[in-house]
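# What the coordinates show
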Amino acid sequence: MDFNLSREHLLVRKMMAEFTENEVKPIAAETDRTCQYPRENIEKLFNLGVMGMCVPREYGGAGADPLASAIAIEELSKQCASTGDIVATHNGLCCDPILTHGTEEQKAKYLPMLTTGHKVGAFALTEPNAGSDASKGQTEARLEGDHYVMNGSKVFITNGYVADVFVVFAMTDKTKGTKGISAFIVESSFPGFSVGKHEDKMGLHGSPTAEIVFQDCIVPKENLLGREGKGFSIAMQTLDGGRIGIAAQALGIAEGALAEAINYTKGRAQFGKPISKFQNTQFVLADMEMGCEAGRLLTYQAAMMKQQGQRYTKAAAMAKLFCSEHAMQTTTKALQMFGGYGYTKDYPMERMMRDAKITEIYEGTSEVQRIVISANMGL
C-alpha cells in the first residue's frame, strides 16, 4: 500500500497550486463581493485541460484520472470554492455521465464541446418538490416522432445560467416511479429551454446557480442518454462520482482556512506573545490538521477506487460527509481565532465559512450520506 502521490499527480498539484495562487487568489474576494462568474479563469482552465480533464484524449480531454481531478478541485477551493464548484460540476456531473453512458455518437459530439470547445456543462436533477427524494420529480419528457417534448423545471442548478450542455432527468413514464425516469443531453439552444430565477445565495457567489425551465422543449430522440427508464440509476451513479468532487472542494476549503488560521495566529500577539503559542490555539489547530489529513485519505481513496473500477458508493459518501462537516467545523473555529476581524470582509474567513456550509447540503445532505453509508454496511 503506497500513500505517496505519483509524479503525474504531484505535477497536477504543483500546476494547480501555482494557478490558484497567481490567478484565483487575487480575485477571490472580488468574485464573492460582486457575485461575478469568474469567466476569464474558467477559460484559462479550459486551456490548461482542467475542464473535462478525465475525458480521453480522443475526445479532447487530458486523459487524467479521478484523483487528478480531485486534486485540481482541492487546490482551487483553497482560495475560491466557487471556482472549485464550477469545475467539479462540469467534470463530475456533466462530462462523466456522457462518457460513461453515452453512445459513441453522443461522446463524439458533446465531449469535444465540453473540452476543447470551451462549452460549460451542468446537471439538472433537483426540482422544487424533489430534493433528496428524486423520485418525486415532475419534469416530463414525451416522445413525439423523432423528438421528445420536455416540460417542467429544475432548481438550484450549478452553472445554470452559463452552461451550454445539461444532463437532464425527466419522467418518461410517471406510472413507474424511479423506473420511469430517463436521462437526456439538452443544449441551452434547444427551442423551449430557458433560464429562470438566478439564486441569491449565502455563499459560493461566483458559482452561477439558477432555475431551468422547459416549456415544450424539443429534445432530439438521439439525445436520450442511456435507455428509457434508466435515468435514476444514471443519476445515482453520477452523484457517487460527484461526491468525490464535493469532498475535494470541502477539503480544499478546510485546508485553506487552516492555512489562514496558522498565518494569522503566528502574527497576532496578545498578552505578550503570539496567540499561536497558547496551548488552546495549538490544540484546535492540531484537530484541524488531523481532520484535513483524514479527509484527504478518504477522498483520495474514493477517487482511486473509482479509477480501479471498484464499487465506491460508500467510500464517496464517507468522504463527502466527513470533509463537508470538517470544513464547516474548521472554518467556524478558524473564524473564532480571528476574533472580531474574522467577522469582517477584510479577511477571507467569513467567506470560507459561508462557502463551506453548502457542502453539507448539495449532492446529498449529510443526512442522506449517512443513509447511503448505513445502507452499504450490510445491516
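Above: the structure in question.
Residues numbered from 1 in each chain as written. Predicted model: local features only at pLDDT ≥ 70, side-chain atom pairs only at ≥ 80, totals over all residues. Heavy atoms only, no water.

Within strand 4 (residues 165–171), 7 of the 7 residues are buried, leaving the element largely enclosed by the surrounding structure. Neither face of strand 4 is exposed, since Val165, Val167, Phe169 and Met171 on one face and Phe166, Val168 and Ala170 on the opposite face are all buried. Of the strand pairs in this sheet, strand 1 (residues 121–124) and strand 4 are connected by 4 bridges, and their pairing is parallel. Pairing of Phe123 across the sheet is with Val167, part of strand 4. When strand 4 meets strand 5 (residues 181–187), the two strands line up antiparallel, connected through 7 bridges. When the sheet's bridge partners are listed, Phe166 is paired in strand 5 with Val186. (Buried < 20%, exposed > 50% of the residue type's maximum accessible area, 1.4 Å probe, protein only. Helix = DSSP H or I, 4+ residues; strand = E, 2+ residues; numbered from the N terminus. Pairing = 2+ DSSP bridges.)

Enumeration over the complete set of coordinates arrives at 8 aromatic pairs. Where Tyr264 meets Phe338, the ring centres are 4.1 Å apart and the plane angle is 15°; that geometry is what we call stacked. In this pair, Tyr264 is assigned in helix 6 (residues 231–267) and Phe338 in the loop between helix 8 (313–337) and helix 9 (349–357), connecting sequence segments 74 residues apart. On the basis of relative accessibility, which here comes to 2%, the residue Phe338 falls in the buried class. With a centroid separation of 6.0 Å and 65° between ring planes, the pair formed by Tyr341 and Tyr347 is classed as edge-to-face. Residue Tyr341 is classed as partly exposed on the basis of its relative accessible area of 41%. Here Tyr347 falls in the partly exposed class, since its relative accessible area comes to 29%. Taken together through their ring pairs, the aromatic side chains of Tyr264, Phe338, Tyr341 and Tyr347 make up a single cluster. We note Lys273 situated over the ring of Phe278; from NZ or CZ to the ring centre the distance is 4.7 Å. (Phe/Tyr/Trp six-rings, centres within 6.5 Å; stacked < 30°, edge-to-face > 60°. Lys NZ or Arg CZ within 6 Å of the ring centre and 35° of its normal.)

With that settled, the discussion passes to helix 6. Here helix 6 is 37 residues long and its end C-alpha atoms lie 53 Å apart, about the 54 Å a rise of 1.5 Å per residue gives. Along helix 6, the sharpest change in direction is near 25° and occurs at Asp240. Counting buried positions along helix 6 gives 28 out of 37 residues, so the element sits mostly inside the fold. (Expected span 1.5 Å × (residues − 1). Bend = angle between axes of the 7 residues up to and from the residue.)

Once that is clear, we can look at the nonpolar core. In this structure, Leu45, Ile98, Met150, Phe169, Phe184 and Val186 are the most contacted members of the largest nonpolar core, which totals 76 residues. Not counting residues up to four positions away in its chain, the partners in contact with Ile98 are Gln106, Lys107, Tyr110, Leu111, Leu114, Val165, Val167, Ile185 and Leu225. (Core = buried A, V, L, I, M, F, W, Y, C linked by side-chain atoms within 4.5 Å. Contact = heavy atoms within 4.5 Å.)

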